[in-house]
Amino acid sequence: MAAATCVVRVGRREDACHLLELIRELAVVENELDQVKMTEETLVRDGWPLPEEVAAGAVPRFDVLFAEVDGAVVGFALYFHNYSTWEGLGIYLEDLYVKKDFRGRGIGTQLIRGVAKVAEQRGCARLQWQVIDFNKPAIKYYESLGARERVEAPVAGFDGKWLNFIADRDVIHSLAAAAL
């Protein structure tokens, strides 16, 4: 039997329930579930405003890509625009998460490539994200993509450190070229 194929797709309003479920799973992994205050209603409002809301000035505050295997959502990449006064438009990857049983299959790579493709299409100068310092496999993986660590940013009341990574235009182009 052939391995199941992963499909990466853009999120829709009706995906808010899947997104919230995955956000909670990620929070469990990071031992921070009690910090999640998000609701489906907030995700819908902030990610997928209705046409009449857009006409009144509402704009999506984030974009999200989902990874599906056999029609089931197994991962996501949530991102939004940021801006550098030195380089211009960029994308900040807030969360990249793949369910435990689906890790090691290249799904995270497909998601990050998908975000890089969006960054390239939108003319972004860079793609940024953070990783917790104890996630050594992720750090090694991000470095293998060509991303570089920027600055360690300590967080008050938190024993670990978030490491900031950045992918420049060349890395974005390389990742986007490999997107499916």
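The structure this text deals with has already been given above.
Residues numbered from 1 in each chain as written. Predicted model: local features only at pLDDT ≥ 70, side-chain atom pairs only at ≥ 80, totals over all residues. Heavy atoms only, no water.

### Examining the overall build of the chain
So, point 1. Across its full length, the chain carries 6 helices and 7 strands.
So, point 2. Since a compact globule built from 180 residues should have a radius of gyration of about 16 Å, the 16 Å found for the chain is in line with a globular shape.
So, point 3. Dimensions of the chain along its principal axes, counting C-alpha atoms only, are 50 × 40 × 40 Å.
So, point 4. Put simply, the chain has 180 residues, and 42% of those count as buried.
So, point 5. Contacts in the chain between residues at least 24 apart in sequence constitute 59% of all its contacts with a sequence separation of at least 6.
So, point 6. The average position of the 21 basic charges and that of the 27 acidic charges among the side chains of the chain differ by 3 Å. (Helix = DSSP H or I, 4+ residues; strand = E, 2+ residues; numbered from the N terminus. Rg over C-alpha atoms; globule rule 2.2 N^0.38 Å. Buried < 20%, exposed > 50% of the residue type's maximum accessible area, 1.4 Å probe, protein only. Contact = heavy atoms within 4.5 Å. Lys, Arg positive; Asp, Glu negative; His and termini not counted. Charge placed at Lys NZ, Arg CZ, Asp CG, Glu CD.)

### Regarding helix H1 (residues 16–29)
So, point 1. Spanning 14 residues, H1 covers 20 Å between terminal C-alpha atoms, matching the ideal 20 Å at 1.5 Å per step.
So, point 2. The set of residues buried in H1 consists of Ala16, Leu19, Leu20, Leu22, Ile23, Leu26 and Ala27. Projected onto a plane normal to the axis of H1, the buried residues spread over an arc of 165° and lie on a single side.
So, point 3. The inward-facing, buried residues of H1 abut helix H2 (40–47), strand S2 (63–69), strand S3 (72–84) and strand S4 (88–98). (Expected span 1.5 Å × (residues − 1). Arc of directions from axis to C-beta.)

### A closer look at the side chain of Arg126
So, point 1. By secondary structure assignment, the location of Arg126 is in strand S5 (residues 126–132).
So, point 2. Looking at Arg126, its side chain comes within polar contact range of the side chain of Ser84, at 3.4 Å.
So, point 3. At 3.1 Å, the side chain of Arg126 and the side chain of Gln128 are in polar contact.
So, point 4. Residue contacts for Arg126: discarding those within four places in its chain leaves Ser84, Glu87, Leu89, Gly90, Ile91, Arg150, Ile166, Ala167 and Ile172. (Polar contact = N/O pair within 3.5 Å; in protein donor to acceptor, adjacent residues only side chain to side chain.)

### Regarding the nonpolar core
So, point 1. By size, the foremost hydrophobic cluster in this structure holds 32 residues, and its most contacted members are Leu127 and Trp129.
So, point 2. With 7 residues, the single largest contributor to this core is helix H4 (residues 107–121).
So, point 3. In this structure Trp129 touches Tyr92, Leu93, Ile112, Tyr142, Ala147, Leu163, Asn164, Phe165 and Ala167, once residues within four positions along its chain are discounted.
So, point 4. Of all hydrophobic cores here, the second largest spans 16 residues; its members include Trp48, Val64, Phe76 and Leu78. (Core = buried A, V, L, I, M, F, W, Y, C linked by side-chain atoms within 4.5 Å.)

### Structural notes on the packing of aromatic side chains
So, point 1. This structure, assessed with the given rule, holds 6 aromatic pairs.
So, point 2. Relative to Phe165, the ring of Trp129 has its centre 6.3 Å away and its plane inclined at 10°; by these criteria the two rings are stacked. Within this pair, whereas Trp129 is found in strand S5, its partner Phe165 is found in strand S7 (residues 161–168), the two being separated by 36 residues in sequence.
So, point 3. Judged by centre distance (5.6 Å) and plane angle (55°), the rings of Tyr141 and Tyr142 are tilted. (Phe/Tyr/Trp six-rings, centres within 6.5 Å; stacked < 30°, edge-to-face > 60°.)

### Focus: the packing of H4 against helix H6 (residues 169–177)
So, point 1. Look at H4 against H6: their axes get within 8 Å of each other, and the N-to-C directions meet at 120°. By the criterion of interaxial angle, the relationship of H4 to H6 is oblique. Seen along the crossing, H4 lies across H6 with a hand that is left-handed. For the pair H4 and H6, contact is made by Arg113, Ala116, Lys117, Ala119 and Glu120 and by Ile172, His173, Leu175 and Ala176, respectively.
So, point 2. Residues belonging to the contact of H4 with H6 are distributed by class as follows: 5 nonpolar, 1 polar and 3 charged. (Axes fitted to C-alpha atoms, helices over the stretch in contact; angles between N-to-C directions. Parallel < 35°, antiparallel > 145°, perpendicular 65-115°, else oblique. Left-handed = near helix turned anticlockwise from the far one by under 90°. Nonpolar A, V, L, I, M, F, W, Y, C, P; charged D, E, K, R; others polar.)

### What to know about the side chain of Gln128
So, point 1. Following the sequence through the fold, Gln128 ends up in strand S5.
So, point 2. The contact partners of Gln128, leaving out residues within four places of it in the chain, are Asn82, Ile91, Tyr92, Leu93, Phe165 and Ile166.

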